[in-house]
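What follows is each chain in one-letter form.
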Amino acid sequence: IAVFFVKGMNKVYMIIFLCLAALVAFKFRDRLFGQYVELTADQLKYGDDIRMLSANFFLTEYWPSRFARLIGNGAAYAASRYGKEIVNINLYMHFYRSDVGIIGAYNQFGLLYVLNILWLNIKGLTGKYFNYENGYMRLFFLNALLLIVLSEYYANPTVIPFYCLILY
């Protein structure tokens, strides 16, 4: 995607480089990706995708009340009863909210949080304040929006200052 933002001869060089890199990756695909293809085939053969089971659990089953869908179940404190329940879900069922991205965030922080995250990314993509010099920042928000299903890093305290700097 970044190639489309480049102008002039650099765009041609980038396209040539990407084509060469794709050819090398295709030629050595068995060495580079063979193990992952086999692992994925084995997981699909048995039909139990742990991420799908975890997403279904946190999206539909793990809600103590209807009000929790709006404000979330909250963060787990390990010494509390709720924290011990989350630890048991992690240990025995192998379901982790961090594995299911925005679904895990929805379960933990609620609908208002998810709407805020989506609004932030869409505003970042459609912002009128981008020009040629800082247009690359749209790629940051596009990346965050594309990965929102797989990883939910907005709740990580170390990321908050980074987002503040990007938005500033």
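Note that the structure is predicted; figures quoted are calculated from it, not measured.

(A) Seen up close, the side chain of Asn73. Among the structural elements, Asn73 can be located in the loop between helix H4 (68-71) and helix H5 (81-93). By relative accessible area, Asn73 is classed as buried at 16%. Reaching out from Asn73, the side chain makes a polar contact with the backbone oxygen of Tyr62 at a distance of 3.0 Å. Non-local contacts of Asn73, meaning those with residues more than four positions away in its chain, are made with Tyr62, Trp63, Pro64, Ala68, Tyr82, Arg97, Asn107 and Gln108.

(B) Seen up close, unusual backbone geometry. You will see that His94, though not glycine, has its phi angle at about 60 degrees, which is positive. Locating His94 in the fold gives a position in the loop between H5 and helix H6 (102-109). In this structure His94 comes out as partly exposed when scored by relative accessible area, which is 46%.

(C) Representation of the packing of helix H3 (residues 50-61) against H6. Where H3 meets H6, the axes come as close as 9 Å, and the angle between the chain directions of the two elements is 30 degrees. Taken together, the axes of H3 and H6 lie roughly parallel to each other. When you trace H3 past H6, the crossing you get is left-handed. Side by side, H3 and H6 meet where Ala55, Phe58 and Leu59 of the first sit next to Ile103, Tyr106 and Asn107 of the second. For the contact of H3 with H6, a count of residues per class yields 5 nonpolar, 1 polar and no charged.

What counts as what
Residues numbered from 1 in each chain as written. Predicted model: local features only at pLDDT ≥ 70, side-chain atom pairs only at ≥ 80, totals over all residues. Heavy atoms only, no water. Helix = DSSP H or I, 4+ residues; strand = E, 2+ residues; numbered from the N terminus. Buried < 20%, exposed > 50% of the residue type's maximum accessible area, 1.4 Å probe, protein only. Polar contact = N/O pair within 3.5 Å; in protein donor to acceptor, adjacent residues only side chain to side chain. Contact = heavy atoms within 4.5 Å. Axes fitted to C-alpha atoms, helices over the stretch in contact; angles between N-to-C directions. Parallel < 35°, antiparallel > 145°, perpendicular 65-115°, else oblique. Left-handed = near helix turned anticlockwise from the far one by under 90°. Nonpolar A, V, L, I, M, F, W, Y, C, P; charged D, E, K, R; others polar.

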